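# Understanding the architecture of this molecule
Letter by letter, the chains look like this.
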Amino acid sequence: VTGRLVGISPDDMRLLATHNIHLHLYTENYHNSREGLNHAMKSSAPEHFHTHPHMSLLNWTEEFSKYDAGWLHNLESANNGNMFDVSWDDLNIPARTSTYASAGLPVILKDNSEHIAAMQSKIEELGYGLFFNKLEDLASLLKDKKHMLKLTKNARKASSLFTFDHYIENLTSFFHNVIKNKLDDRNSA
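Predicted model only: the values in this text are computed from it and were never measured.

So, about the environment of Lys66. Following the sequence through the fold, Lys66 ends up in the loop between α3 (60–64) and β3 (70–71). Given a relative accessible area of 57%, Lys66 falls into the exposed group. A sequence separation of 37 residues divides Lys66 from Ala103, and the C-alpha atoms of the two residues are 8.7 Å apart. There is a polar contact of 3.1 Å between the side chain of Lys66 and the side chain of Glu63.

To continue, consider the environment of Leu25. Take Leu25: it is sitting in strand β1 (residues 23–26). Taking relative accessible area as the criterion, Leu25 reaches 3% and is therefore assigned buried. In sequence terms Leu25 and Leu37 are 12 residues apart; their C-alpha atoms lie 12 Å from each other. For Leu25, the contacting residues outside a window of four places in its chain are Val1, Gly3, Leu5, Asn38, Phe49, His50, Thr51 and His52.

What counts and how
- Throughout this description, residue numbers start from 1 for each chain and increase along the sequence as written.
- Note on the predicted model: pLDDT of at least 70 is required for a residue's local features to be given, and 80 or more for side-chain atom pairs to be given and counted; whole-chain, interface and lining totals, by contrast, use all residues.
- Note that water and hydrogens are dropped before the side-chain values are worked out from all heavy atoms of the structure.
- Strands are runs of DSSP state E lasting at least 2 residues, helices are runs of H or I lasting at least 4, and numbering of each runs from the N terminus.
- Burial status follows relative accessibility: with a 1.4 Å probe on protein chains alone, a residue under 20% of its type maximum counts as buried, one over 50% as exposed, and anything between as partly exposed.
- Two N or O atoms count as a polar contact when they lie within 3.5 Å, although within protein this holds only if one can serve as hydrogen donor and the other as acceptor, and sequence-adjacent residues are included solely when both atoms are side-chain atoms.
- What makes two residues a contact is simply this: any of their non-hydrogen atoms within 4.5 Å.

Below, the structure written as structure tokens:
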């Protein structure tokens, strides 16, 4: 997990530990404000919950590629496919998505396929998500080596889509058109 833990409880951590799943938390500014939660997480699974200091973006790929997957926000949607009931969490694509993409990591998120959820839609489209309803299902997915290899391959393939460089040509073309149209408007006036 890069950033803060969202939607993962000490009970969840205890269950993950029974399946020998480790959770590594990298954060720079939430250790103090989340000290109680971090302590509870560590107490619930002392050998499986690990905290690390902030990781510079220069080291993301090297550091995070050591892991099997990255947690996105672990949230359950409640909009039932109704656009009028969509929340910020349903529309948000967390910044950590690009962090994980830089390392070619598959991502873990709750299965919200019955709902409007931007994060799920994008990750499904790119084919590198571990979608789960129960943590036991997630544990099985993480242990399926063939499936994990496929997701990792897809994540690496999609990683450039989360970089600025990927969009430079389109952005440059857009701005050239805006400038050209502005100049044409001035010349025709």
